[in-house]
Amino acid sequence: MALDIGVLMDPIGSIKTKKDSTFAMLLEARRRGHRLHYLGQGDLAVRDGRAIGRCADLQVREDPADWFTLGTPAWRPLGSLDLLLARKDPPFDAAFLHDTLVLDLAAREGCLVVNRPQSLRDANEKLYAQWFPQCSPPTLVAREPAALRAFVQEVGDAVLKPLDGMGGRGIFKTRGDDPNLNVILETLTHEGTELAMAQRFVPEAALGDKRILLIDGEPVPYALARIPQGTDFRGNMARGGKAVGQPLSDRDRWICEQVAPQLRARGLWFVGLDVIGDYLTEINVTSPTGIRELDAQFGLNIAGLLFDRLEALRAEATR
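Predicted model only: the values in this text are computed from it and were never measured.

(A) Up close: the overall build of the protein chain. When its secondary structure is counted, the protein chain shows eight helices and 18 strands. Relative to its length of 319 residues, the protein chain is compact, with a C-alpha radius of gyration of 20 Å against a globular reference of 20 Å. With respect to the principal axes defined by its C-alpha atoms, the protein chain has extents near 60 × 45 × 40 Å. For the protein chain, the proportion of its 319 residues judged to be buried stands at 50%. Residue pairs at least 24 apart in sequence account for 68% of intrachain contacts in the protein chain once pairs closer than 6 positions are excluded. Of the roughly 14,100 Å² of accessible surface on the protein chain, 51% is carried by carbon and sulfur atoms.

Shown next as structure tokens:
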């Protein structure tokens, strides 16, 4: 049965279709005959307690020069959609938080919102990994620069990062004798007023920061290792990292088993774990990527697996 599917995303005209996971989802929805409706962040509102959205009918095609067509936007109740893909990129700021509250109303009215809006608020992508300390490297999250400095001196090489970044922005590799350590900590904590994260540096980062995709807690059998290039220690593809697919290791699968029950319970149906060496470093819940690269390297259809599960969830909800 054809579904009405909304997609809340960044401007579709500026995406890189060869790498964009949201675009892979939209192509799969089109192949299945579903009706697509596009929304930007400015297209959400609430009228008399009901979530509404300014939706434009969306057509997509696999053409790097001409990949979409939008119809005339019109307001409609978001509860009239069968499914809404919440795929707005971080940062998780006040505008994003307010969007999730609007999407909560849409979910209350019967729309299946993926991922669950409350869980988008609750599962900070850096901090949520600390729910699973058995999987993570030694970590400290604190506001006080002195405490973070002492941690860095204790562990030796360390990585410092803000809690609200993405794509490798604002991440520093440092050590206790770094003459810039004080200014890094002052910058990240905004002079001790905001939380920042310090983690022991994992040397296996040189072999790649692995992205593992999970669909309702079940991992795709291949990870996408983002391998640093040149002198940059960051493997993020936004920072020039080289993406190389590889089978999951036994440790990767163990980490997935540790986090899967919580992901299912929270309605986090599509998630990207970041794993360096043997350690879980982040849990990406807002708009994880990697579909297009893994599909191309291994002949997969990850968006197809995702829609198999989402269609089943929708059918269960309407019985």
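Now, onward.
(B) Representation of the sheet that holds strand S10 (residues 158-162). Taken together, four strands build an open sheet; the order of strands is S9-S12-S10-S11 and the sheet is antiparallel. Where the open sheet ends on each side, the last strands, each with one partner, are strand S9 (139-142) and strand S11 (172-174). The mean inter-strand angle of the sheet, taken between neighbouring strand axes irrespective of direction, is 20°. Here helix H5 (residues 181-188) sits on the sheet and contacts S10, S11 and strand S12 (196-200); the angle it forms with S10, its principal contact strand, is near 30°.

Conventions used here
Residues numbered from 1 in each chain as written. Predicted model: local features only at pLDDT ≥ 70, side-chain atom pairs only at ≥ 80, totals over all residues. Heavy atoms only, no water. Helix = DSSP H or I, 4+ residues; strand = E, 2+ residues; numbered from the N terminus. Rg over C-alpha atoms; globule rule 2.2 N^0.38 Å. Buried < 20%, exposed > 50% of the residue type's maximum accessible area, 1.4 Å probe, protein only. Contact = heavy atoms within 4.5 Å. Areas by Shrake-Rupley, 256 points an atom, 1.4 Å probe, with all protein chains shown as cover. Pairing = 2+ DSSP bridges. Axes fitted to C-alpha atoms, helices over the stretch in contact; angles between N-to-C directions.

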